[in-house]
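Residues per chain, in single letters:
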Amino acid sequence: MRAVVYDRYGGPEVLRVEEVRAPAPGNGQVLVRVAATSVNLSDWECLRGSPAYARIGGLRSPARRVLGSDIAGVVEGVGEGVTRFRAGDEVYGDNLALKGGFAEYAVVPASALAHKPHGLGLVAASTIPQAGAIALQGTRWATPGARVLVNGAGGGSGAFVIQLAKRAGAHVTGVDNAEKQDFMRSVGADEVLDYARDDFTRTGQGFDLVVDLVAHRSVLAYRRALARHGRYRCVGGSVPTMLSVLTAGSLLGAVTRRSIGVLAVRQGPEHFGPLGDLCAAGEVVCHVDRTFTLDEVPAALAHVGEGHALGKVVVVPG
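Throughout this document, residue positions are counted from 1 along each chain, in the order its sequence is written. Since the coordinates come from a predicted model, pLDDT governs what is reported: local features require at least 70, and pairs of side-chain atoms require 80 or more to be given and counted, while whole-chain, interface and lining totals use all residues. Values reported for side chains reflect all heavy atoms of the structure, with hydrogen atoms and water molecules removed beforehand.

### As for the overall build of the protein chain
In step 1: Helical segments are the DSSP runs of H or I of at least four residues, strand segments are the runs of E of at least two, and each set is numbered from the N terminus. Tallying secondary structure elements over the protein chain gives nine helices and 15 strands in all.
In step 2: With the radius of gyration taken over C-alpha atoms, the globule rule is written as 2.2 Å times the number of residues to the power 0.38. What you see for the protein chain is a C-alpha radius of gyration of 19 Å, in line with the 20 Å of a compact globule of 318 residues.
In step 3: C-alpha extents for the protein chain along the principal axes are approximately 55 × 45 × 35 Å.
In step 4: Relative accessibility thresholds used throughout: buried, under 20% of the residue-type maximum; exposed, over 50%; partly exposed, between the two (1.4 Å probe, protein chains only). Counting every position in the protein chain, which comprises 318 residues, the buried fraction comes to 57%.
In step 5: Pairs at least 24 residues apart make up 68% of the contacts formed inside the protein chain by residues separated by at least 6 positions. Note on contacts: a residue pair is in contact if any heavy atoms of the two residues lie within 4.5 Å.

### Points about the environment of Y222
In step 1: With respect to the helices and strands, Y222 occurs in helix α6 (residues 219–225).
In step 2: The exposure class of Y222 is buried, given its relative accessible area of 0%.
In step 3: Placed 101 residues apart in sequence, Y222 and G121 show a C-alpha to C-alpha distance of 39 Å.
In step 4: When sequence neighbours within four positions are dropped, the list of residues in contact with Y222 reads F200, D212, A215, H216, R217, Y232, T241 and V245.

### Details of the side chain of T173
In step 1: Locating T173 in the fold gives a position in strand β9 (residues 171–176).
In step 2: On the basis of relative accessibility, which here comes to 1%, the residue T173 falls in the buried class.
In step 3: When neighbours within four sequence positions are excluded, T173 is seen to be in contact with V148, L149, V150, E191, L193 and F207.

### Focus: the nonpolar core
In step 1: For this analysis, a nonpolar core means a set of buried residues of the types Ala, Val, Leu, Ile, Met, Phe, Trp, Tyr and Cys, connected via side-chain atoms within 4.5 Å. In this structure, I128, V148, V150, F160, I162, L275 and C279 are the most contacted members of the largest nonpolar core, which totals 38 residues.
In step 2: Among the elements that make up this core, the one with the highest residue count is helix α4 (residues 156–167) (six residues).
In step 3: With residues near it in sequence (within four places) discarded, I128 still touches Y92, L120, A133, F160, F272, L275, G276, C279 and C286.
In step 4: If you look at the next biggest cluster of nonpolar residues, it comprises 25 residues, including A3, V4, L15 and V39.

### Overview of the sheet that holds strand β13 (residues 259–262)
In step 1: Two strands are said to pair when DSSP picks up at least two bridges between them. Ordered in space as β10-β9-β8-β11-β12-β13, the six strands form an open sheet in which the pairing is parallel. Lying at the two open borders of the sheet, with one neighbouring strand each, are β10 (191–194) and β13. Sheet twist, expressed as the mean angle between neighbouring strand axes with direction ignored, is 15 degrees.
In step 2: Relative to β13, strand β12 (residues 226–234) runs parallel, the two being bridged by four bridges. Bridge pairing links R231 to S259 in β13.
In step 3: To define axes, lines are fitted to C-alpha atoms, for helices over the stretch in contact only, and angles between the resulting N-to-C directions are given on a 0 to 180 degree scale. Against the sheet, helix α7 (residues 239–255) touches β12 and β13, its axis set at about 160 degrees to β13.

### Description of the packing of helix α3 (residues 129–138) against α4
In step 1: Between α3 and α4, whose axes approach to 8 Å, the crossing angle comes to 40 degrees. In this structure, the crossing between α3 and α4 has a hand that is right-handed. Contacts from A131, G132, I134, A135 and L136 of α3 reach α4 at G156, S157, F160, V161 and L164.
In step 2: Three classes are used: nonpolar for Ala, Val, Leu, Ile, Met, Phe, Trp, Tyr, Cys and Pro, charged for Asp, Glu, Lys and Arg, and polar for all others, with Gly counted as polar. For the contact of α3 with α4, the per-class residue count stands at seven nonpolar, three polar and no charged. Handedness of each helix crossing follows the sense of rotation of the near helix against the far helix: counterclockwise by less than a right angle gives left-handed, clockwise gives right-handed.

### Regarding helix α9 (residues 297–305)
Note: α-helices contain 3.6 residues per turn, so residues at a spacing of three or four share the same orientation.
In step 1: Three or more residues of α9 are buried, namely V297, A300, L301, A302, H303 and V304.
In step 2: In this structure, the buried residues of α9 make contact with β1 (2–5), β3 (29–39), α1 (41–48), β14 (288–292) and β15 (312–315).

### Observations regarding the environment of L301
In step 1: Considering the arrangement of structural elements, one finds L301 in helix α9.
In step 2: Residue L301 is classed as buried on the basis of its relative accessible area of 0%.
In step 3: Remark: the alpha-carbon pair of L301 and L41, spanning 260 residues in sequence, is separated by 8.3 Å.
In step 4: If we ignore the near neighbours within four places in the chain, the residues touching L301 are L15, V39, D43, W44, L47, L67 and F102.

### Some remarks on the packing of aromatic side chains
In step 1: Here the aromatic set is Phe, Tyr and Trp, taking the six-membered ring for Trp, and pairing holds for ring centres within 6.5 Å; pairs whose planes are under 30 degrees apart are stacked, those over 60 apart are edge-to-face, and all others are tilted. The final tally for this structure, using the stated rule, is two aromatic pairs.
In step 2: Relative to F272, the ring of Y92 lies with its centre 5.0 Å away and its plane at 70 degrees, an arrangement referred to as edge-to-face. Note that Y92 is positioned in strand β5 (residues 90–94) and F272 in helix α8 (residues 269–280), a separation of 180 residues in sequence. We note that Y92, like F272, is buried.
In step 3: The interplanar angle of 20 degrees and the centroid separation of 4.1 Å between the aromatic rings of Y222 and Y232 together place this pair among those described as stacked. Linking Y222 in helix α6 with Y232 in strand β12, this pair joins segments that are 10 residues apart in sequence.
In step 4: A ring has a charge above it when a Lys NZ or an Arg CZ is no more than 6 Å from the ring centre and no more than 35 degrees off the ring normal. Its end group placed over the ring of W141, R233 keeps NZ or CZ at 5.2 Å from the ring centre.

### Quick look at the packing of α3 against α8
In step 1: Where α3 contacts α8, the two axes come as close as 8 Å, and the packing angle between them is 90 degrees. In this view, α3 runs roughly perpendicular relative to α8, as classed from their interaxial angle. Contacts between α3 and α8 involve P129, G132, A133, L136 and Q137 on the former and, on the latter, H271, F272, P274 and L275.
In step 2: Residues of the contact of α3 with α8, tallied by class, amount to six nonpolar, three polar and no charged. Each angle receives one of four descriptions, namely roughly parallel if under 35 degrees, roughly antiparallel if over 145, roughly perpendicular if within 65 to 115, and oblique otherwise.

If you want it as structure tokens, here you go:
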């Protein structure tokens, strides 16, 4: 099969397309003929080996030669012990542990997969698993009338967070770069900020919930952004920031009657499936900016990693 591989950390230039042996499903695994794999910021981080947590399992060289975890496709075969799926089923899921989505076939644990909802295309389905789990769990504190801010709102996860917070009745402010202002408004943001010009921690508004997808400020700044009893949760960002939020953030939050912490995202169909159903019903929209072929994976990763994607970017092997 054709697959996009890399053997050392670096930029898009270290990626190449090779003919490799197609994987075989082991016990509890499913062989999926890949129809679409969406690109996540985690793919960019694992490509570059930065931040440091992107090297877990592969300090000097990548643990997995083929990136891509948010997979949608058709079951080609199943391993021993798999009873929920059979050949021909259309499935989707986050193959975060094994990756392998930037290829024509991938092996995925059956526990990571769900049947694709009727009425949802495979390209759209691939945008949901990782971003959907983040968005659903990050917005569970959004309530009618609450002031919610989403930092990094113009990407795949951010677009889902905006829509889900609006469904909950919240007033939503989106933060991203200047070229994403109109896009954030189009998916429902009531207000938008350009991070290069506006510091959301100094608006003086006081937010009830901040969902931060690209954390890099101090915990004092995050405390300043919150209303009394407000809640801050970050998902991604620099290692020093994440560590300070985990340590000093919890203490500072406790003494100032605010909650500052890291969103521990739970993976699996039960955590992204509800969003798949909403998308299939047309109540939430999967925004696909562009699709790329396997030969164009370097460009796809650069488009996401350099902050240009409006919503999700999807790789279509065929």
